Amino acid sequence: NQQSAVTQTAAKKTLPDAQTVTEVRHYTDDLFYFRTTRPQSLRFRSGEFVMIGLPGDDGKPIMRAYSIASPSWDDGLDFYSIKVQDGPLTSRLQHIKPGDEIILRPKPVGTLVLDALLPGKRLWFLATGTGIAPFASLMRDPETYEQYDEVIMMHTCRHVAELEFGRELVESLPEDPLIGEFVGDKLKYYPTTTREDFKTMGRVTDNLTSGKVFADLGLGTDKMDPAIDRAMICGSLAFNKDLMAILDGWGLREGANSEPAEYVVEKAFVG
Ligand code: A2P
């Protein structure tokens, strides 16, 4: 009977801030995607992150920062994670299945938001590894395409299989019934590997400083211009630091929510 079904569902939610896992996809031994239900009260800006986790053995939650990889108009939440075999959270999180619950604190924050950038013409998304997660959200936000004429997604991983999550997403966008019209031909995708043969190779940093990416995409320049180029960076600490030095050298300045400028940075979170 319906009444008892409702009561049972309610009683099953034992965790505080519980959300239910609705889909899981494993990409490699080290990378997986999962989707959860979304709390009705959760409002966020594309590019922000939330704390998610699982109860530890002592009942105390083990929480980590995760970028929301889905757009704000979506009724579910996407996440993209590494698996760290001895990681306190991801050693367990990698085993979640549809129907399981995770803890999600509905307080989104972060600097990789369109509001933290001054108006521009060309927007660069620069990521390594799971650093593509916030851009999976931003690439599906109509605002991104309303504010910029051109959007370039550069993503570098060691191996080809690690690019798959991003490739699938990017290739689905032009045909997407909700966002396809906004994307049009504005989105350029530049995936590269560094340790396995691929059609395009090399670090994001090297492909920017050598001018290769500008030439390959036919941009008619060999560097960014602070008057028109805006950038968002999400990778390891070393990656972020090296890129900031390059952008600083081209005259772009780091911005924040409180003081928008030409680029913003966030560390890709690890488990
Ligand atoms: P590389 O293979 O040349 O080290 P990791 O798995 O170590 O986080 O690296 C993910 C990707 O980011 C790899 O392709 C790696 O290239 C690249 N990478 C690592 N550190 C930097 C850096 N400081 N600048 C640019 N790319 C980097």
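Residues numbered from 1 in each chain as written. Predicted model: local features only at pLDDT ≥ 70, side-chain atom pairs only at ≥ 80, totals over all residues. Heavy atoms only, no water.

Draft legend 1. Looking closely at the overall build of the protein. Within the protein, the secondary structure is distributed over 9 helices and 11 strands. Against the compact-globule benchmark of 18 Å for 271 residues, the protein has a radius of gyration of 19 Å, which places it among compact chains. Its C-alpha atoms give the protein principal-axis dimensions of about 65 × 35 × 35 Å. Going through the 271 residues of the protein one by one, you find that 52% of them count as buried. Counted over contacts in the protein with a minimum sequence separation of 6, partners at least 24 positions apart contribute 73%. As presented, the protein carries roughly 12600 Å² of accessible surface, and 52% of it is formed by carbon and sulfur atoms. Across the protein, the centroid of the 30 positively charged side chains sits 4 Å from that of the 40 negatively charged ones. (Helix = DSSP H or I, 4+ residues; strand = E, 2+ residues; numbered from the N terminus. Rg over C-alpha atoms; globule rule 2.2 N^0.38 Å. Buried < 20%, exposed > 50% of the residue type's maximum accessible area, 1.4 Å probe, protein only. Contact = heavy atoms within 4.5 Å. Areas by Shrake-Rupley, 256 points an atom, 1.4 Å probe, with all protein chains shown as cover. Lys, Arg positive; Asp, Glu negative; His and termini not counted. Charge placed at Lys NZ, Arg CZ, Asp CG, Glu CD.)

Draft legend 2. Spotlight on the site of the ligand. In the neighbourhood of the ligand, the contacting residues comprise Thr-128, Thr-156, Cys-157, Arg-158, Thr-194, Arg-195, Arg-203, Thr-205, Ala-238, Phe-239 and Asp-242. Contact between the ligand and Arg-195: an oxygen atom at 2.6 Å from a side-chain N or O atom of the residue. A distance of 2.8 Å separates a nitrogen atom of the ligand from a polar side-chain atom of Asp-242. Here the ligand has 550 Å² of accessible area as a free molecule, and 77% of this is covered by the chains. Cavity membership is defined here by more than half of the atoms lying within 2 Å of grid points; on that basis the ligand lies in the largest pocket. Mapped onto the shell around the ligand, the elements with two or more residues apiece are strand E8 (150–157) and helix H9 (237–249). Among the elements that take part in the shell around the ligand, H9 stands out by supplying 3 residues, more than any other. Split by residue class, the shell around the ligand holds 3 nonpolar, 4 polar and 4 charged. (Near = heavy atom within 4 Å. Polar contact = N/O pair within 3.5 Å; in protein donor to acceptor, adjacent residues only side chain to side chain. 1 Å grid on protein atoms, 1.4 Å probe; cavity = no way out; pocket = protein on both sides within 12 Å on 5 of 7 lines; lining within 4 Å. Sits in = over half its atoms within 2 Å of the grid points. Nonpolar A, V, L, I, M, F, W, Y, C, P; charged D, E, K, R; others polar.)

Draft legend 3. Expanded view of the state of the cysteines. By the definition in use, this model includes 0 disulfides. Summary of cysteine pairing: Cys-157 is not part of a disulfide, and the nearest cysteine sulfur, belonging to Cys-234, is at 12 Å. Residue Cys-157 is classed as buried on the basis of its relative accessible area of 6%. With relative accessibility at 1%, the residue Cys-234 sits in the buried group. (Disulfide = S-S within 2.5 Å.)

Draft legend 4. Structural context of the packing of aromatic side chains. Applying the stated rule across the entire model yields 11 aromatic pairs. Taking the centre distance of 5.7 Å and the plane angle of 80° together, the rings of Tyr-27 and Phe-165 count as edge-to-face. With Tyr-27 in the loop between strand E1 (18–26) and strand E2 (31–37) and Phe-165 in helix H5 (residues 164–172), this residue pair connects regions lying 138 residues apart in the sequence. Accessibility expressed as a relative area gives 16% for Tyr-27, which makes it buried. Looking at Phe-165, the relative accessible area reads 4%, which means it is buried. Aromatic pair Tyr-80 and Phe-165: ring centres 4.0 Å apart, planes at 10°, arrangement stacked. Residue Tyr-80 is located in strand E5 (residues 76–82), and its partner Phe-165 is located in helix H5; the two are separated by 85 residues in the primary sequence. (Phe/Tyr/Trp six-rings, centres within 6.5 Å; stacked < 30°, edge-to-face > 60°.)

Draft legend 5. Quick look at the pairing of E8. Where burial is concerned, most of E8 is hidden: 8 out of the 8 residues are buried. One ladder, built from 7 bridges, connects strand E7 (residues 122–128) with E8; its direction is parallel. Residue Trp-124 lies in a different strand from E8, and its bridge partner there is Ile-152. In this structure, E8 lies alongside strand E9 (residues 187–193), joined through 7 bridges in parallel fashion. The residue bridging Met-153 from the neighbouring strand is Tyr-189, located in E9. (Pairing = 2+ DSSP bridges.)

Geometric values such as these leave the question of function open.
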